[in-house]
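Here is what each chain is made of, one letter per residue.
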Amino acid sequence: MTYQFDFAALLPYWREFAMGVWLTLQLSFVATVLGFVLGTLCAIGRSDGAPWVKALVACYVEVIRNTPLLVQIFIIYFGIATLGLHVDANVAAVLALVVNVGAYTSEIVRAGLESIHKSQLEAAECLGLSRPQTYWHVIVRPAIERVYPALTSQYVLLMLASSITSQISAEELTAVANRIQSDTFRSFETYIVVGVLYLALSFVVRIAFWLFGLVVFVRRRKLGTAL
């Protein structure tokens, strides 16, 4: 049995593919920014917060890291609907991705925070830096710089994981592909194209993070190690 590839059948759908790629990037960008903020705050709370804050953050991290993303998406999407609040699938997708990546970001950033030597805090105190200045210039920023490669990898995985949100009809790339293959009956060709697009997106996102690292982390720019 021989299979005849027919990628030409997908050409009329190039706009749908483009819209799927664009929405995937939008979901990933918003989830990355909000997830980074959530994860950083949780990392700070777990490292230097009150006992109840540490316990709350630890519980959140363990629950999220030990349950499937798909289950979390269903709980958020259908749970919100059960409460009588009808939100768009894309909004629910972003919320689920933020909650998920926030837990992983928390652990990555916490590792960076714990790598800061106490002597640096003592030096900051000797220089008369305020607590907010010490936290930003001596603790948080250097910590994030140290774990930046790990964060980059995590957010690339987030972009790829956004494909799961197609299960609640978020119109990202995979959802678009599912609809196209049902229209054309060219499943093999459709998912080959989608795989290539995700591969290209991964390279684009990594390059974007590399450029961002060059801008934000001066020392890495000088050393040429933004990732």
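Structure's up top.
One structure accompanies this document, and this report is about it. Nothing here was measured: the structure is a model prediction, and the numbers come from that model. (Residues numbered from 1 in each chain as written. Predicted model: local features only at pLDDT ≥ 70, side-chain atom pairs only at ≥ 80, totals over all residues. Heavy atoms only, no water.)

Describing the overall build of the protein chain
Scanning the protein chain for helices and strands turns up nine helices and zero strands. The order of α-helices and β-strands along the protein chain, N terminus first, is α-α-α-α-α-α-α-α-α. Sequence separation of at least 24 residues holds for 75% of the intrachain contacts in the protein chain that already meet a minimum separation of 6. Carbon together with sulfur atoms contributes 69% to the accessible area of the protein chain, which is approximately 12,700 Å² in total. (Helix = DSSP H or I, 4+ residues; strand = E, 2+ residues; numbered from the N terminus. Contact = heavy atoms within 4.5 Å. Areas by Shrake-Rupley, 256 points an atom, 1.4 Å probe, with all protein chains shown as cover.)

A look at a nonpolar patch on the surface
A contiguous nonpolar surface patch, about 560 Å² in accessible area, is contributed by Tyr 3, Phe 5, Phe 7, Phe 188, Ile 192 and Val 196. As for its position among the elements, Val 196 is in helix α8 (residues 187–216). (Patch = residues over 30% accessible without salt bridge, like charges linked within 9 Å, V, L, I, M, F, W, Y side chains within 5 Å. Salt bridge = Lys/Arg side-chain N within 4 Å of Asp/Glu carboxyl O.)

A few points about the layout of surface pockets
Here the largest pocket is characterised by a volume of approximately 710 Å³. Lining the largest pocket are 26 residues, and of these Phe 29, Thr 32, Val 33, Phe 209 and Phe 212 sit closest to its centre. If you list the elements that add at least two residues to the lining of the largest pocket, you get α1 (14–48), α6 (131–161) and α8. Considering every element that reaches the lining of the largest pocket, the biggest residue donor is α1, with 10 residues. Per-class residue counts for the lining of the largest pocket are 20 nonpolar, five polar and one charged. (1 Å grid on protein atoms, 1.4 Å probe; cavity = no way out; pocket = protein on both sides within 12 Å on 5 of 7 lines; lining within 4 Å. Points joined across faces, edges and corners; volume = space filled by probe spheres on them. Nonpolar A, V, L, I, M, F, W, Y, C, P; charged D, E, K, R; others polar.)

Comments concerning the side chain of Thr 32
By secondary structure assignment, the location of Thr 32 is in helix α1. In this structure Thr 32 comes out as buried when scored by relative accessible area, which is 12%. In this structure, Thr 32 is in contact with Tyr 155, Leu 158 and Phe 209, ignoring residues within four places of it in sequence. (Buried < 20%, exposed > 50% of the residue type's maximum accessible area, 1.4 Å probe, protein only.)

Some details on the environment of Thr 184
Counting through the fold element by element, Thr 184 comes out in helix α7 (residues 173–184). Separated by 175 residues in sequence, Thr 184 and Ala 9 place their C-alpha atoms 7.1 Å apart. In contact with Thr 184, not counting residues within four places along its chain, are Ala 9, Leu 10, Tyr 13 and Thr 190.

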